[in-house]
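Analysis of the macromolecular model
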Protein chains: 2
Amino acid sequence: MPLNRERVLDEALRLVDEEGLDRLSLRILAARLNVQAPTLYWHVKNKSELLDALADAVMDEAIAAVPPPAGVGDGREWLFEALRALRAALLQHRDGARIISGARDSLRRGDFSETAMATLVQRGMDARDARLLVLVGERFTVGWVLEEQSPPPEGPAPSVEQLRARFPVATRAIGDYFTGTGRTADDLFDDAARLALGLPGAGRS
Amino acid sequence: MPLNRERVLDEALRLVDEEGLDRLSLRILAARLNVQAPTLYWHVKNKSELLDALADAVMDEAIAAVPPPAGVGDGREWLFEALRALRAALLQHRDGARIISGARDSLRRGDFSETAMATLVQRGMDARDARLLVLVGERFTVGWVLEEQSPPPEGPAPSVEQLRARFPVATRAIGDYFTGTGRTADDLFDDAARLALGLPGAGRS
DNA sequence: CGTAGTTCTCTAACACCGTAAGAGGGAGAT
DNA sequence: ATCTCCCTCTTACGGTGTTAGAGAACTACG
């Protein structure tokens, strides 16, 4: 079975999932494919193009996960669901947000925006508002997941008391949000995303 | 004049500003300081710690640029100004957003959030709402500037017609926003940020 | 059948990277 | 005069992306 571009990309994504984006090197990837590193250059222009292709793959999954528009509203609720799907797709892969935010040349990013904006406009929203809303939602979500996926600091984690001393308001707010209540990180994103989109809800407890 | 940590960090930031984050290597940095690469290890633990220090430096500038709270509202308007200051500080340095989003261990990020949340709470906002709002604003802004600062694709830029064919809604909305009107990228950020924070305005034209 | 061409993988090498180990110079204190 | 601390040096290791070019295997053509 000969090597082809698809197998290279699949294995690259698997490698990133297992070891993280920083460990993706052409030599390691080649070894996993039982091949020498320069061989990859036959199937891929260079590493940067490989990274772009990975970003495309991740975005494809995100786009595929977006639910079809339904319901009645002006589409804000649908956009909210689309952002949930985007976040889920990014979380599906280790460093997913870094992959797509680092891509130099990925038209799939634009596809996501375009279909989102088109859907909103089709449902009656002003084009200018739609663009603004999609831009806000998309960049907010990427920034959010980027933070969620950022690895913890290298040294020993700072103690809870130290954090409480330096960030009293934040730690108390975090504590109030999670402890006792059965809320999860997913709920926090939902609340934040609804807020960013100007949607009601974010159900007070 | 002996080398010290401060001079190393200053020169590193200058190097990043001139050449971009990808070109920051210990050898190049050392050469600019008329020193050999391993010498830097006397002043800095390793490259990762250096990057964290750069992130701290950038965030310090952002924090310093935040205006003192004033006025009357519940603080949302002030937070909006704080986000503008954050964006401006990130734009001040090449790859500013990447620098702070890549930092593994920077407490200054937390300082920004903490003072923002404390300010909002002090002005009467519910702690939970304040946290959510600050989180939304901060991550939105970082995601936004990350996109603003991402370099153009390597090859020749795709033609306007190609873009219009693939992204009709988006290109039309962009055109409507900028052409003719005297609006700038700064205005677009302002509109988007106000939307994300639930502030009125984003003056319809 | 032979030969030419295409497709894929190989080896060898280059320049660069972060980083470790340890030698040594120079200044100040004992 | 020696000891000690601070700072810089040389040397080296294993890793990186990438290029150049040789060569094997297969296909198509005369």
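Let me sum up the structure you'll find in this document. Predicted model, so just to flag it, every value in this text is computed and none were measured. (Residues numbered from 1 in each chain as written. Chains lettered and ligands numbered in written order. Predicted model: local features only at pLDDT ≥ 70, side-chain atom pairs only at ≥ 80, totals over all residues. Heavy atoms only, no water.)

**Description of the overall build of chain A**
Looking only at helices and strands, chain A has eleven helices and zero strands in total. Scanning chain A from its N terminus toward the C terminus, one meets helices and strands in the order α-α-α-α-α-α-α-α-α-α-α. Overall, chain A is about 55 × 50 × 25 Å in size when its C-alpha atoms are taken along their principal axes. The burial tally for chain A puts 46% of its 205 residues in the buried class. The contacts in chain A between residues at least 6 apart in sequence include a share of 69% that link residues at least 24 apart. Working note: accessible area of chain A is about 10,100 Å², and carbon and sulfur atoms make up 54% of it. Separation of charge centres in chain A, based on 26 positive and 31 negative side chains, amounts to 3 Å. (Helix = DSSP H or I, 4+ residues; strand = E, 2+ residues; numbered from the N terminus. Buried < 20%, exposed > 50% of the residue type's maximum accessible area, 1.4 Å probe, protein only. Contact = heavy atoms within 4.5 Å. Areas by Shrake-Rupley, 256 points an atom, 1.4 Å probe, with all protein chains shown as cover. Lys, Arg positive; Asp, Glu negative; His and termini not counted. Charge placed at Lys NZ, Arg CZ, Asp CG, Glu CD.)

**A few points about the protein's contact with DNA strand D**
Not every one of the 17 residues close to DNA strand D is listed here, only the nearest: Ser25(A), Arg27(A), Tyr41(A), Gln36(B) and His43(B). Near-protein atoms of DNA strand D (within 4 Å) split between backbone and bases, with sugar and phosphate holding 60%. At 2.8 Å from a phosphate oxygen of DNA strand D is found a side-chain nitrogen or oxygen belonging to Ser25(A). In this structure, a phosphate oxygen belonging to DNA strand D sits 2.9 Å away from a main-chain N or O atom of Leu26(A). Secondary structure elements with two or more residues in the surface near DNA strand D: α2 (26-32) of chain A together with α3 (40-43) of chain B. Class assignment for the residues of the surface near DNA strand D results in nine nonpolar, five polar and three charged. (Near = heavy atom within 4 Å. Polar contact = N/O pair within 3.5 Å; in protein donor to acceptor, adjacent residues only side chain to side chain. Nonpolar A, V, L, I, M, F, W, Y, C, P; charged D, E, K, R; others polar.)

**Examining the protein's contact with DNA strand C**
Around DNA strand C, the surrounding shell holds 17 residues, and the nearest of these are His43(A), Ser25(B), Arg27(B), Tyr41(B) and Lys47(B). Sugar plus phosphate, as a fraction of atoms of DNA strand C within 4 Å of the protein: 61%. Leu3(A) is positioned such that a nitrogen or oxygen atom in its backbone is 3.4 Å from a phosphate oxygen of DNA strand C. Here a phosphate oxygen of DNA strand C and a side-chain polar atom of Tyr41(B) are 2.7 Å apart. Counting residues per element, the ones that place at least two in the surface near DNA strand C are α3 (40-43) of chain A together with α2 (26-32) of chain B. In terms of residues, the surface near DNA strand C owes the most to one element, α2(B), which gives three residues. Residues of the surface near DNA strand C, tallied by class, amount to nine nonpolar, five polar and three charged.

**Quick look at helix α7 (residues 107-122) of chain B**
Because the α-helix completes a turn every 3.6 residues, residues three or four places apart line up on one side. With 16 residues, α7(B) extends 22 Å from end C-alpha to end C-alpha; this agrees with the ideal 22 Å at 1.5 Å per step. Immediately downstream of α7(B), the backbone of Gly124(B) shows phi near 100°, a positive value. (Expected span 1.5 Å × (residues − 1).)

**A short note on the packing of helix α8 (residues 127-149) of chain A against helix α10 (residues 168-178) of chain B**
How two helices sit against one another is set out by the angle between their axes and by the gap between those axes. α10(B) packs onto α8(A) with a crossing angle of 105° between their chain directions and a minimal axis gap of 9 Å. The angle between α8(A) and α10(B) falls in the class roughly perpendicular. Contact residues: Ala127(A), Arg128(A) and Arg131(A) in α8(A); Ala170(B), Arg172(B), Ala173(B), Ile174(B), Tyr177(B) and Phe178(B) in α10(B). Residues that form the contact of α8(A) with α10(B) fall into these classes: six nonpolar, no polar and three charged. (Axes fitted to C-alpha atoms, helices over the stretch in contact; angles between N-to-C directions. Parallel < 35°, antiparallel > 145°, perpendicular 65-115°, else oblique.)

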